[in-house]
Amino acid sequence: MIAMDLPESKGTYVLIASVAQMKRLEIGRLGACDIVPGFYAYVGSAFGAGGLLARLGHHLESTAIPHWHIDYLLGVADPVEVWYTTAKQKLEHHWAELLEKTRHFRVPIPRFGSSDYHRTRSSHLFHSKRRPSFRWFEQQIREQFDDIKTEQHLIIDPT
């Protein structure tokens with residue numbers, strides 16, 4: 001299930017995953033968390049070796065020992081699509097703030113995926129009852145960020 005046609009360029013991404021039924025999950029230091037049905041949008045960045053292809057490839061492979069918070073969630077969620085940019089700016093925090101302010105999303109787990117940010121309540125994971133729209137996201141990015149082009153990569157299409 002590795003997304004082989006993603007670029008090796010560095011960048012920022014939103015990984016969309018679907019959860020079909022309620023789960024209780026132990027997530028590292030965050031402890032026990034209830035994962036409710038719906039869609040989850042995880043905002044991350046890939047500025048290390050191998051860029052987007054390497055980071056998302058890691059997330060999309062089955063890993064016996066989870067490394068990042070998202071790895072725990074992907075043990076019970078199905079990846080659906082990835083929204084990304086290869087812009088050189090680190091946009092992870094800005095994109096998380098954008099989703100946090102949107103009425104379609106809520107923060108299900110404070111501090112999820114944002115341990116390198118010191119705001120105690122910030123999160124890089126967002127929940128939506130309905131599948132989020134890439135067109136909507138692309139429009140928001142166009143309006144709020146100069147010269148940032150976003151792309152979409154479909155992984156699976158849940159029915």
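Residues numbered from 1 in each chain as written. Predicted model: local features only at pLDDT ≥ 70, side-chain atom pairs only at ≥ 80, totals over all residues. Heavy atoms only, no water.

1. Details of helix α3 (residues 92–100)
So, step 1. Buried residues of α3: Glu92, Trp95, Ala96, Leu98 and Leu99, and no others. Projected onto a plane normal to the axis of α3, the buried residues spread over an arc of 155° and lie on a single side.
So, step 2. In this structure, the buried residues of α3 make contact with β1 (11–19), β4 (38–46), β5 (78–85), β6 (125–128) and α4 (134–144). (Buried < 20%, exposed > 50% of the residue type's maximum accessible area, 1.4 Å probe, protein only. Helix = DSSP H or I, 4+ residues; strand = E, 2+ residues; numbered from the N terminus. Arc of directions from axis to C-beta. Contact = heavy atoms within 4.5 Å.)

2. Points about the sheet that holds β4
So, step 1. Reading across from one edge, β6-β4-β1-β5-β7 is the order of the 5 strands in this open sheet, with antiparallel pairing throughout. A single partner strand is all that each edge strand has here, and the edge strands are β6 and β7 (151–154). Strand-to-strand twist of the sheet, defined as the mean angle between neighbouring strand axes without regard to direction, takes the value 20°.
So, step 2. Relative to β4, β1 is paired through 9 bridges, and the arrangement is antiparallel. Paired with tyrosine 13 across the strands is glycine 44, a residue of β4.
So, step 3. Against the sheet, α4 touches β1, β5 and β7, its axis set at about 25° to β5. (Pairing = 2+ DSSP bridges. Axes fitted to C-alpha atoms, helices over the stretch in contact; angles between N-to-C directions.)

3. Regarding the side chain of threonine 150
So, step 1. Tracing the backbone through its elements, the reader meets threonine 150 in the loop between α4 and β7.
So, step 2. The class for threonine 150 is buried, based on a relative accessible area of 6%.

4. Let's talk about the environment of valine 36
So, step 1. Counting through the fold element by element, valine 36 comes out in the loop between β3 (31–35) and β4.
So, step 2. Using a relative accessible area of 23% as the deciding quantity, one classes valine 36 as partly exposed.
So, step 3. In sequence terms valine 36 and serine 128 are 92 residues apart; their C-alpha atoms lie 9.9 Å from each other.
So, step 4. The contacts of valine 36, once residues within four sequence positions are left out, are Val19, Met22, Arg106 and His127.

5. Here we look at the environment of phenylalanine 112
So, step 1. Tracing the chain through its elements places phenylalanine 112 in the loop between α3 and β6.
So, step 2. Under the relative-accessibility criterion, phenylalanine 112 is labelled buried at 0%.
So, step 3. When the C-alpha positions of phenylalanine 112 and leucine 30 are compared, they lie 7.6 Å apart, and in sequence the two are 82 residues distant.
So, step 4. Those residues in contact with phenylalanine 112 that sit more than four places away from it in its chain are Ile27, Leu30, Tyr42, His69, Ile70, Leu73, Ser122, Ser123, His124 and Leu125.

6. Section: the pattern of salt bridges
So, step 1. Under the counting rule described, the total for this entry stands at 3 salt bridges.
So, step 2. Residue aspartate 34 pairs with arginine 24 through a salt bridge whose shortest N-O separation is 2.5 Å. Taken as a pair, aspartate 34 in strand β3 and arginine 24 in strand β2 (residues 23–27) lie far apart in primary sequence, 10 residues in all.
So, step 3. Given the relative accessible area of 58%, arginine 24 is considered exposed.
So, step 4. Among the salt bridges present, the one from glutamate 151 reaches lysine 149, with a minimum N-O distance of 3.8 Å.
So, step 5. Judged by its relative accessible area of 32%, glutamate 151 falls in the partly exposed class. (Salt bridge = Lys/Arg side-chain N within 4 Å of Asp/Glu carboxyl O.)

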